[in-house]
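If you want the building blocks of each chain, they are given just below.
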Amino acid sequence: MKAHSNPSRLTAIVAIMATVFTLGTLPVSAVSDGNTLKSSNTCTRITTLESTATAALSSKLAAMNNNFSARTTKLDERKATIDQKVSAAREKASSNFDKAIARILERNLTDTQKEAVTTFQVAMKTAVKTRQEAVDTARATYRTNLAEAIKTHQVSLEATATAYQSAVETAFTTAKANCSDSTATATLRTAVKAARDTFKTARQELRTTNVTDVKSFMTARNDAIKAANEAFAMAAQEYSQTLEDSLSLSSAQ
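Predicted model only: the values in this text are computed from it and were never measured. (Residues numbered from 1 in each chain as written. Predicted model: local features only at pLDDT ≥ 70, side-chain atom pairs only at ≥ 80, totals over all residues. Heavy atoms only, no water.)

Quick look at the overall build of the protein chain now. The number of helices and strands found in the protein chain is four helices and zero strands. Going residue by residue from the N terminus, the α and β elements of the protein chain occur as α-α-α-α. Buried positions account for 32% of the 253 residues belonging to the protein chain. Put simply, the protein chain shows about 14800 Å² of open surface, and 54% of that area lies on carbon and sulfur atoms. (Helix = DSSP H or I, 4+ residues; strand = E, 2+ residues; numbered from the N terminus. Buried < 20%, exposed > 50% of the residue type's maximum accessible area, 1.4 Å probe, protein only. Areas by Shrake-Rupley, 256 points an atom, 1.4 Å probe, with all protein chains shown as cover.)

A few words now on the packing of aromatic side chains. Per the stated rule, a full pass over the model turns up two aromatic pairs. With a centroid separation of 4.9 Å and 15 degrees between ring planes, the pair formed by Y164 and F199 is classed as stacked. On the criterion of sequence distance, the pair formed by Y164 in helix 3 (residues 111-177) and F199 in helix 4 (residues 184-252) is long-range, its members being 35 residues apart. On the basis of relative accessible area, Y164 is assigned to the buried category, the value being 2%. Its relative accessible area of 2% is what places F199 among the buried residues. Over the ring of F232 we find R131, and its NZ or CZ is 4.0 Å from the ring centre. Just above the ring of Y142 sits the side chain of R221; from NZ or CZ to the centre is 4.4 Å. (Phe/Tyr/Trp six-rings, centres within 6.5 Å; stacked < 30°, edge-to-face > 60°. Lys NZ or Arg CZ within 6 Å of the ring centre and 35° of its normal.)

Turning next to the pattern of salt bridges. Applying the stated rule across the entire model yields eight salt bridges. For E50, the salt bridge is made with K176, and the minimal N-O distance between the two is 2.8 Å. Of this pair, E50 sits in helix 2 (residues 39-105) while K176 sits in helix 3, and the two are 126 residues apart along the sequence. Since its relative accessible area comes to 16%, E50 is described here as buried. The partner of D136 in a salt bridge is R90, and the shortest N-O contact between them spans 2.9 Å. With a gap of 46 residues between them, D136 in helix 3 and R90 in helix 2 connect regions that are remote in the sequence. Here the residues in one salt-bridge network are D83, R90, D136, R139 and R143, joined through shared partners. (Salt bridge = Lys/Arg side-chain N within 4 Å of Asp/Glu carboxyl O.)

This brings us to the confidence of the model for the protein chain. Across the protein chain, the average pLDDT comes to 85, with 82% of residues at or above 70. The low-confidence segment residues 1-5, where pLDDT is below 50, has 16 contacts with residues more than four positions distant or belonging to other chains. Below a pLDDT of 50 lies the segment residues 7-37, which in the model reaches 79 contacts outside its immediate sequence neighbourhood of four places, other chains included. (pLDDT = per-residue confidence, 0-100. Contact = heavy atoms within 4.5 Å.)

Our next topic: the environment of K129. Mapped onto the elements, K129 comes out in helix 3. Looking at K129, the relative accessible area reads 52%, which means it is exposed. For the pair formed by K129 and F232, sequence separation is 103 residues and the distance between their alpha carbons is 9.7 Å.

Listed below in structure tokens is the structure:
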């Protein structure tokens, strides 16, 4: 089985950890429109802005959780599809090998030659099993590491988003308490921007870390599969040469 490194799969895997990117677009632009609110309506305006911003942010957090669930389901479906293809390919290869051996044994062979063919068949099946076990271990390790990374990253993203939401709520609470102050709107604008910038920086750092981790998992898996394939190829070449020599010697006798 050859190692597969599909960029689209990496993109899909990374996407599951980046679904909160849209949270950075909290609709509080009205706070930063530069308008100077009069003291008489500042409190009312801030309360209205808070309701709009809170509803929008809550909606985006809910969408984030839904995206996590949907993308996890897609990954599970892809794993099932890959497993089915691998299983089918192995069964086909095994069947073709057995048929090839049967055709050889149908020839007019001596007992010594038949014994050599049987020995070759057993040796090759053992080599195939060894390779399959190595490949399965590599794939299982990759999936375990990936699942743990997804879970850890999701928790981190949720914590970051919650901190962002809390910071925005605190900014509005402070603004409402000081709404009679002429600087209330400017202070609110600054606080919300700081919360948003902190969130954007944190999510980008998490995404960068996740991309690095996923790539390292893929590299480790692919290297292990490559090593298993190379070991199998060497063994197959050795067994084939031994069989060829045995058949040639038997024919010459």
